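Okay, here's what each chain looks like letter by letter:
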Amino acid sequence: MTKETKRDQNDLRGRHKRLCEEIEEHNRRYYLEAAPAISDGEYDALMRELIEIETACPELVSPESPSQRVGGAPSEGFATARHQIPMLSIDNTYNEAELRNFDARVRRALAGKQPRYVVELKIDGVSVSLRYEEGRLVRAATRGDGQQGDDITANARTIRSLPLRLRNIASDKNAADNELFGNHEDAPPNPLEVRGEVFMKVSELERINRDREAQGLEPYRNPRNTTAGTLKLLDPKQVAKRRLDVFLYDMVEGVPAHVSTHYEILALLRSMGFPVNPHHARCDSIEDVLAVCGQWRQKRHALDYETDGMVIKVDALEQRRELGATSKAPRWVIAYKFPAETARTRLRDITVQVGKSGALTPVAELEPVKLAGTIVKRATLHNFEEVMRKDFRVGDLVEVQKAGEIIPNVIRVIPEARPDAAPPTMPPAKCPACGSEAHRDPEGVFYRCLNAACPAQVKERLEHFASRAAMNIEGLGPALIEQMVGRNLAKDPADLYALDAATLGGLERMAEKSARNIIEAIDKSRQQPLHRLLLGLGIRHVGARTAALLAAKFGTMDALMRATIEELTDVEDVGDVVAAGIRDFFDVAENRALVERLRSAGLDFKAENTLAAKEDAPLHGLTFVVTGALESCTRDEMHERIQRLGGRFATSVSKKTDYVIAGANAGSKRDKAESLGVKILTEKEFQTLVDSLTGNNHE
Ligand code: ZN
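Below is a summary of the structure that appears in this document. It should be emphasised that the depicted structure is a prediction, and the values quoted were computed from it without experimental measurement. (Residues numbered from 1 in each chain as written. Predicted model: local features only at pLDDT ≥ 70, side-chain atom pairs only at ≥ 80, totals over all residues. Heavy atoms only, no water.)

### Points about helix α24 (residues 635-644)
Heads up, the condition is: With a 1.4 Å probe rolled over the protein chains alone, any residue whose accessible area is under 20% of its type maximum counts as buried; one over 50% counts as exposed, and the rest are partly exposed. Only DSSP runs of H or I reaching four residues or more are called helices, and only runs of E reaching two or more are called strands; each is numbered from the N terminus.
Restricting attention to buried positions, one finds in α24 the residues R635, M638, H639, R641, I642 and Q643. Downstream of α24 by one or two residues, G646 has phi in the positive range, about 90°.

Right, dumping it as structure tokens:
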């Protein structure tokens, strides 16, 4: 190595270190103090520079690098993490009397002495235990059964508010806990184990759900389940995309000798850079505790995260030791659970919504009522079987509940408040939109309008066809579609391609220019690749992912229309039910006619990766499994590359696998490939294979 490059490397190393510190400082300001000092754009530029340096000098990548926050390599599964100090559960109380009993028990055990309590919010999330050695996060684990959980370190690193490297314990000039730590700086305790709750903000769940709905996916129902599901993802990059948060509330190993109360522990956690929920209070009596709980019962609805109660802890660590624990829960802590939020209101009407495949869904129209911080006017009733089983009638007084769910539920009727003449609710005999007879699903609980020309269904189908995830026709929204259907301008997607600006311009609130723009957008959608068209057709059970897999496998609309059930079930993710749904769709003459009219309208019936269908594509007929951490790209990108070159990818190794592409830390799939004698390639060897098959040095 020359002197010159050595100096360059030292410069880079120095720049890397400064960038890491700077980015972490901005993270801290943003997430802990809510006082960002730079714009998002400037932050992204710093992050990009960091990643560039790390790409050039991979030896600089450390587990604490802020680059790890965007997600490390995917894993094959979670290792088991044994808790050296078990994660016990907490006993629950549900009312004031039970809480007073707890206080009485504690006082008895402390020989009549009244303890001081600390009251904290009970965050509705997933409990985790975090271990730091020499100030660095070395392990994050879920609670599991209390004795052992999953090692989720890579996923925890993506939580931006969680420090990967701790600050020295410094006195904070603005804080009241100054005298606690003096004016000097101390290194954080080593080792250190802290516990807390990972959660998702309500606003973040709403953001994710807006994206999901735009893609035609079912929204997630509540933040807690979404948090649990996110932490279980094997690909940290996916975890990083959903912004999780964390609050720390306990230290189980490394408590300094001079710290004698829980209140001090919370201050200490904060001083090391941990996010600590600011809403905790010290109480000298159970009366004070009850008052604090009472305040938060309503106040909590103003928070951007969900809480399901309060946690009450004895403050003095010495008293905690005296109290000890039962086999399942400590005796010095109790949870006070808020009752599930319910409200009573009148059921004004039961309306019927018509879905794009004709499902008739009952919706409760309610007298507006305040519930868990929001005004509720409508609630889903799920299906008519449930309406009849629970005997909901128009005019009834009903109980509405919001229990960790964003969409309210009508749980029961108050029979004694029923108006005299309220007749029982019957399932709809007719579709409210077109008047054709409603049919009961043979397999299930749904009533359905079978009239494919039903205007409500037509409207839903056109909306779906034009949606962002499908054909992405900008400007063609629900209000416009409703007018078009009302005037009989469009009965199905093929009609859209026959529209002209003059016709659209005749509609209400439609300026000439916007009419032209919409016609342009419709015209442009002719080039959309096959998988978007397949999604847009609204074939039952075919979502975005299945549509993409079908397009990749069959390559053209014609090949897909000819496919047998056996060929369809050969596609990953396609089982018997989905295959039957696809076959049924193309077996209906009207649907085949629709496809032909779309073809005449000049739509692209080929997959994006047209090579996939061609027999002369370099990887045609070859199946690959990608495993381990790749260097040159992500696993998804590798899959795309394989498809673009005409190959197939699978997610598990079998005798049908031609090659396994193995990155670093490839686990069981590599072993399986070895035992089956499947050839294993490095990324470089894969490139060599591609080069040899394409007959040149470039793709
Ligand atoms: Zn209908």
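### Considering the coordination of the zinc ion
Rule in force here: Because no water is among the atoms considered, metal sites can look incomplete, with donors defined as N, O and S atoms within 2.8 Å of the metal, or 3.2 Å for Na, K and Ca. Square planar and octahedral assignments, for four and six donors respectively, both demand that opposite donors be over 155 degrees apart and that all other angles lie between 65 and 115; tetrahedral needs four donors with all angles between 85 and 135 degrees, and anything else is irregular.
Surrounding the zinc ion are the protein donor atoms C431 (SG), C434 (SG), C449 (SG) and C454 (SG), which sit 2.2 to 2.4 Å from the metal. Here the zinc ion is ringed by four donor atoms whose angles at the metal span 99 to 115°, and the overall shape comes out tetrahedral. The sequence pattern formed by the donor residues of the zinc ion is C-x2-C-x14-C-x4-C. With C434 in the loop between β16 (409-413) and β17 (438-440) and C449 in strand β18 (residues 447-449), this residue pair connects regions lying 15 residues apart in the sequence. Since its relative accessible area comes to 26%, C434 is described here as partly exposed. We classify C449 as buried; its relative accessible area is 1%.

### A look at the sheet that holds strand β22 (residues 679-681)
Note the threshold: For two strands to pair, DSSP has to find at least two bridges joining them. Convention adopted: a line fitted to C-alpha atoms gives each axis, helices being fitted over their contacting stretch, and angles between N-to-C directions are expressed from 0 to 180 degrees. Contact criterion: two residues are considered in contact whenever any of their non-hydrogen atoms come within 4.5 Å of each other.
Across the sheet, four strands lie side by side as β20-β19-β21-β22; this open sheet has parallel pairing. Each edge of the open sheet is held by one strand with a lone partner, namely β20 (648-650) and β22. Sheet twist, expressed as the mean angle between neighbouring strand axes with direction ignored, is 35°. Sheet strands in contact with helix α25 (residues 668-676) are β19 (623-627), β21 (659-662) and β22, and its direction is about 140° off that of β22.

### So, the sheet that holds strand β8 (residues 245-253)
Each strand in a sheet pairs with another by means of backbone hydrogen bonds, the pair being arranged parallel or else antiparallel. Spatial ordering of the open sheet is given by β5-β4-β7-β8, a layout of four strands whose pairing is antiparallel. At either end of the open sheet lies a strand with only one pairing partner, and these are β5 (136-142) and β8. Shown here is a sheet whose adjacent strand axes are inclined to one another by a mean of 30°, direction ignored. Along the sheet, helix α9 (residues 262-271) contacts β7 (192-199) and β8; its crossing angle with β8, the most-contacted strand, is approximately 125°.

### Notes on the environment of E306
Take E306: it is sitting in the loop between α10 (286-299) and β10 (307-314). Spatially, the C-alpha atom of E306 lies 8.7 Å from that of K122, the residues being 184 residues apart in sequence.

### Notes on the pattern of salt bridges
Note the threshold: For this analysis, a salt bridge means a side-chain nitrogen from Lys or Arg found within 4 Å of a carboxyl oxygen belonging to Asp or Glu.
All told, the structure shown has 42 salt bridges when counted by the stated rule. We note a salt bridge from R100 to E96, for which the minimum N-O separation is 3.0 Å. In this pair, R100 and E96 are both assigned in helix α3 (residues 96-109), four residues apart and thus about one turn of the helix distant. The class of R100 is partly exposed, set by a relative accessible area of 31%. Here E96 falls in the partly exposed class, since its relative accessible area comes to 42%. We note a salt bridge from R448 to D441, for which the minimum N-O separation is 2.9 Å. Summarising the burial analysis for this pair, R448 and D441 share the class buried. Where salt bridges share partners, they join R131, E133, E193, R195 and E253 into one cluster.

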